[in-house]
Amino acid sequence: QVQLVESGGGLVQAGGSLRLSCAASGRTFSTHAMGWFRQAPGKEREFVTAITWSDGNTYYADSVKGRFTIYKDNAKNTVYLQMNSLKPEDTAVYYCAAVTVSYLGRILYTREVYYDAWGQGTQVTVSS
């Protein structure tokens, strides 16, 4: 019952920056965490970053650590992905996702199976 809409994708040169936004609507009170995954052409979808909604803990894939930053605006129910020092290998469709189901055990935010709400994706293309 949570709807996610991504925006901010586009074409940039290597070394450039982009900021993606993901606006959540609907039953947002059930959201435990939000994150970003990406899927490059011919590749499987992979984890990029995530942030827990209550305490703001962040998680990053090694490939983006130090270059990407995830942050959120609780009042706007929006999560952002600031991408700096972009590389051609960052080219992918970026998907926003949310964990809205309660779990008794530990949630592994790097695993997409825990995310039950997904956006439509936004294309990020980095030229060399």
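Bear in mind that the values here come from a model prediction, so they are computed numbers and not experimental data.

Trainee: Just give me the short version of unusual backbone geometry, but keep the residues and values in it.
Mentor: With the exception of glycine, the majority of residues adopt a negative phi angle, and the majority of peptide bonds are in the trans configuration. Unlike most non-glycine residues, Asn 77 shows phi in positive territory, near 50 degrees. The topology assignment puts Asn 77 in the loop between strand S7 (68–73) and strand S8 (78–83). According to the relative accessible area criterion, Asn 77 is partly exposed, its value standing at 22%. Notably, Ser 85 is not glycine yet its phi reads approximately 50 degrees, a positive angle. Take Ser 85: its relative accessible area is 41%, and that puts it in the partly exposed class.

Trainee: An account of the packing of aromatic side chains is needed here, citing residue identities and associated values.
Mentor: For the structure shown, the criterion picks out 7 aromatic pairs. When the ring of Phe 37 is compared with that of Trp 118, the centres are 5.1 Å apart and the planes differ by 50 degrees; the resulting orientation is tilted. Placement of the pair is Phe 37 in strand S4 (residues 33–39) and Trp 118 in strand S10 (residues 117–118), with a sequence separation of 81 residues. Judged by relative accessible area, Phe 37 falls into the buried class, the value being 1%. Considering the side-chain rings of Tyr 103 and Tyr 114, the 5.1 Å spacing of their centres and the 65 degrees angle between planes classify their relative orientation as edge-to-face. Separated by 11 residues along the polypeptide, Tyr 103 in the loop between strand S9 (92–99) and S10 and Tyr 114 in the loop between S9 and S10 bring together distant segments of the chain.

Trainee: Which residues make up the pairing of S8, and what values go with them?
Mentor: Of all 6 residues that make up S8, 5 are buried, and the element is covered over most of its length. By the bridge criterion, 6 bridges tie strand S3 (residues 18–26) to S8 in an arrangement that is antiparallel. Each residue of the ladder has a partner; that of Ser 21, found in S8, is Tyr 80. Where S7 meets S8, 6 bridges bridge the pair, whose relative direction is antiparallel. Counterpart to Phe 68 in the pairing with S8 is Met 83.

Trainee: Run through the state of the cysteines, naming residues and quoting values.
Mentor: Inspection of every chain in the model, using the stated rule, returns 1 disulfide. Bridging Cys 22 to Cys 96, the disulfide has an S-S length of 2.0 Å. The disulfide joining Cys 22 to Cys 96 has a torsion of about -85 degrees about its S-S bond and is therefore left-handed. Of this pair, Cys 22 sits in strand S3 while Cys 96 is found in strand S9, placing the two residues 74 residues apart along the sequence. This pair shows no difference in class: Cys 22 is buried, exactly as Cys 96 is.

Trainee: Could you give an account of the sheet that holds S7, with specific residues and numbers?
Mentor: What the 4 strands build is an open sheet, ordered S1-S3-S8-S7; its pairing is antiparallel. In this open sheet, the two edge strands, each paired with only one partner strand, are strand S1 (2–7) and S7. Strand after strand, the sheet turns through a mean of 20 degrees between neighbouring axes, direction not considered.

Conventions and cut-offs
Residues numbered from 1 in each chain as written. Predicted model: local features only at pLDDT ≥ 70, side-chain atom pairs only at ≥ 80, totals over all residues. Heavy atoms only, no water. Helix = DSSP H or I, 4+ residues; strand = E, 2+ residues; numbered from the N terminus. Buried < 20%, exposed > 50% of the residue type's maximum accessible area, 1.4 Å probe, protein only. Phe/Tyr/Trp six-rings, centres within 6.5 Å; stacked < 30°, edge-to-face > 60°. Pairing = 2+ DSSP bridges. Disulfide = S-S within 2.5 Å. Axes fitted to C-alpha atoms, helices over the stretch in contact; angles between N-to-C directions.

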